[in-house]
Structures are given as C-alpha cells and as structure tokens.
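# Report on the structure
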Amino acid sequence: MNSNKLGTIYLVEQKMKVRKTFLNFGERIFSDAYKLSFPRYVSGQQQQHMARGLPKKLPIAGVEKVIVVASGKGGVGKSTTAVNLALGLAANDESKRVGLLDADVYGPSLPTMMNVNEEPELNKQNLMIPLQNYGLKCMSMGFLVEENAPIVWRGMMVMSAIQKLLRQVAWGPLDYLVVDMPPGTGDTQLSISQNIPVNGAVIVSTPQDIALLDARKGAEMFRKVEVPVLGLVQNMSVYVCPKCGHHEHIFGKDGIDKIATAMNLDILGDIPLNKHIREGCDSGKPILVTDPNCPESLIYKDIARKVAEILKNQRDKI
C-alpha cells in the first residue's frame, strides 16, 4: 500500500477518534450537568454530590399544575395548540383557573394570538400582574419589548428572563399554567424543566417525516429530564376541501402513529389544516372563542379533557 493511501487512512481514523471523543464528552456533560443519567460505576453518594450543583425544583407560588406544550421544530402549530389547549381547559370546567405563559423569548406570539399587548403593572409585592383576556392570565416577553424590536440575547440572558417570567409574576391562584415552549431542545427547555416541577409535556407535530424526527427528539428530552410526556398532538393532519369535501393529506398520513407506537405514547388528537384556526390566531380571536362548538373547537376541547384526565390520574396514583 503506497504512502498516500496510508496517509488517507490515518486521517480518517483520526477524524473518527475526534468525533467519538467529542460525542462522548458531550454526552458526559449532558448527563452529569443535567442529571439525565449517571454511569453505573458512580455510587449513590457520588450521585448526590454531583447533583448538588443543580438548581432545586421549586413550585411556582399559587400554581397547581404546569403543562408545557413543545415541538422539536418550528412552524408545526405549537403556539396555536397551546392557546387553544389553555382555552379548552377553561371551557371544559369553568371552575378551573388557567394561565398561559409564552416562553419563546426570541419569537413571542402570545400578544397577537390572545389580542393583548400592554405593559404589565406591578403589585405591592413588586410582582408583574398578568394581563387577562378570554378568561386566561397571560404573560409574554412580547409585553415587555417593542413589537418589532428583535431580542438579541445569549443563553444566560434568556435563562434569566425565563426565571423572571416564572418567579416574578403574580400567577396564583391557578389550577393550570400552560407554557408555550420555543421549538427545539435548548436552554429554555432545560431551564424550565430543572427549576420548576412540570406535571407533563404535550408534543405537537405535523405528519411530515422531518417534523416527526424532531418531535421524537423533543419527547426523548423530556423523558430524560424526568418530565412525563402526556401525549402527542398531530396538527395539520388533513385538509378537507370546503366545497367538495375531498380529504387531502398534504403533509403525509398518520405519521405520528409510528412515534406513538415506538415510544408507547398516547395520541391526544388530530387537528385538521383549517383556515379558520389560522385566521382566528392571526386576528387575536382563537377559534375556541369565536366558534366554540365547531368541529375543530371540539377537537381542542377533547384534547384538553384528555390532558386533565391524565393529570388527575397522576395525582390519584400519588
């Protein structure tokens, strides 16, 4: 074998070693720093020492249940689902007090979707008072900055802002706080899951293969940080022609079934691709407000009912 081939083989082997070392190093940091898993050779006492550097999970004052709505990829209708889930929880049981937190610091959408865009006032305890509309208490970074002002922050600043939205807001009393998470599995997801007890995560995806790949990553992340995954919501599952009634699966058919089977998760509901859902959120009048008894609203209410039942069963088991 000539020297050129030997040199090529050597370079490939070195790249593979570097990649393996990098992946092992990243996995070790992810595991140790965030307490996702400990190596088998680490004793129980060592685990306790390693966990001391982690923030202690403290409940949000006055909030009974926290539900996060997440997706691995943007543009799948996660925020729309979060808004209508919160409205569904309130509509199904008028005695329940529901809040909605927009945790997407970089791209807040709650001000538009809930038609609220004022600067919150402070109470006597110097806590921000959530804005209210449609019976929900709302808080968003969008209330604190100009509408067209970009937020150019590094990770630590984002995590600090999330802490303020959780701890420096007069949320209570609430039965449910629905948190609209940013897409992906980054700082915000880890900050929230490590700092407060989260009762469950709802994962939203379209049936498209690309979206499903990231949705599964999102579900796996919540499992690793010991947040129960309540189930999956398949959004934009089918388009029904309003004139002829033809069903067209634009993004694929029943793609979320594969993830549900592989991960042993429930499918909470299938939401069709419908322009009235989109128009409602764009205009600040969600479909559950403008047409609470239409088929799409009933789907959201059914998803909310299933989520409430799962959370109730969790409490009964405890």
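In what follows, the structure referred to is the one given above.
Residues numbered from 1 in each chain as written. Predicted model: local features only at pLDDT ≥ 70, side-chain atom pairs only at ≥ 80, totals over all residues. Heavy atoms only, no water.

Let us now look at the overall build of the protein chain. If you tally the helices and strands in the protein chain, you get eleven helices and nine strands. The buried share of the protein chain, reckoned over its 318 residues, is 44%. Taking the contacts inside the protein chain whose residues are at least 6 apart along the sequence as the reference set, 75% of them involve residues at least 24 apart. Counting only carbon and sulfur atoms, one obtains 53% of the accessible surface of the protein chain, whose full area is about 17,500 Å². (Helix = DSSP H or I, 4+ residues; strand = E, 2+ residues; numbered from the N terminus. Buried < 20%, exposed > 50% of the residue type's maximum accessible area, 1.4 Å probe, protein only. Contact = heavy atoms within 4.5 Å. Areas by Shrake-Rupley, 256 points an atom, 1.4 Å probe, with all protein chains shown as cover.)

Further remarks concern helix 8 (residues 256-263). Inspection of helix 8 places Ile256, Ile259, Ala260 and Met263 among the buried residues, and these make up the whole buried set. Down the axis of helix 8, the smallest arc covering the buried residues is 100 degrees, so these residues share one side. Away from its buried face, by an angle of more than 90 degrees, helix 8 presents the exposed residues Lys258 and Thr261. Structurally, helix 8 contributes buried residues whose contacts are with strand 6 (200-205), helix 7 (209-224), strand 7 (229-240) and strand 9 (267-273). Two residues or fewer past helix 8, Asn264 is found with a positive phi of approximately 55 degrees. (Arc of directions from axis to C-beta.)

Moving on: the pattern of salt bridges. A complete count under the given rule lists ten salt bridges for this structure. With a closest N to O distance of 3.0 Å, Lys73 and Asp214 form a salt bridge. Note that Lys73 is positioned in the loop between strand 1 (63-70) and helix 3 (78-92) and Asp214 in helix 7, a separation of 141 residues in sequence. Note that Arg305 and Glu309 form a salt bridge whose closest N and O atoms lie 3.0 Å from each other. Taken together, the positions of Arg305 and Glu309, both in helix 11 (residues 295-317) and four residues apart, correspond to about one turn of that helix. The class of Arg305 is partly exposed, set by a relative accessible area of 36%. The class of Glu309 is partly exposed, set by a relative accessible area of 41%. (Salt bridge = Lys/Arg side-chain N within 4 Å of Asp/Glu carboxyl O.)

Side-chain direction in a regular strand flips from residue to residue, so the side chains alternate between the two faces of the sheet. Counted residue by residue, strand 7 has ten buried out of twelve residues, so it is predominantly covered. Here strand 6 pairs with strand 7 via five bridges, running parallel. Within strand 7, the residue paired with Ala201 across the bridge is Val229. Pairing between strand 7 and strand 9: five bridges, direction parallel. (Pairing = 2+ DSSP bridges.)

The relative placement of two packed helices comes down to the angle between their axes together with the axis-to-axis distance. Running from amino to carboxyl end, helix 5 (residues 155-167) crosses helix 6 (residues 187-195) at an angle of 45 degrees, the nearest separation of the two axes being 9 Å. Relative to helix 6, the element helix 5 is oriented oblique. When the axes of helix 5 and helix 6 are compared, the crossing they make is right-handed. Of the residues in helix 6, those touching helix 5 at Gly155, Val158, Met159, Ile162, Gln163, Leu166 and Arg167 are Asp187, Thr188, Ser191, Ile192 and Asn195. Its residues assigned to classes, the contact of helix 5 with helix 6 shows five nonpolar, five polar and two charged. (Axes fitted to C-alpha atoms, helices over the stretch in contact; angles between N-to-C directions. Parallel < 35°, antiparallel > 145°, perpendicular 65-115°, else oblique. Left-handed = near helix turned anticlockwise from the far one by under 90°. Nonpolar A, V, L, I, M, F, W, Y, C, P; charged D, E, K, R; others polar.)

Take the nonpolar core next. Grouped together as the largest cluster of nonpolar side chains are 82 residues, with contacts concentrated most on Leu85, Ile192 and Phe222. Counting residues per element, this core draws most heavily on helix 3, which supplies seven residues. Those residues in contact with Phe222, other than ones at most four positions away along the chain, are Val68, Ala70, Met181, Gln189, Ala201, Ile203, Val227 and Val229. (Core = buried A, V, L, I, M, F, W, Y, C linked by side-chain atoms within 4.5 Å.)

Looking at the secondary structure, you find Gln189 in helix 6. With a relative accessible area of 1%, Gln189 lands in the buried category. At 2.8 Å, the side chain of Gln189 forms a polar contact with the backbone oxygen of Gly184. Excluding residues that lie within four positions of it along the chain, Gln189 makes contacts with Met181, Pro182, Pro183, Gly184, Met221 and Phe222. (Polar contact = N/O pair within 3.5 Å; in protein donor to acceptor, adjacent residues only side chain to side chain.)

Purely geometric stuff here, so don't read any function into it on its own.
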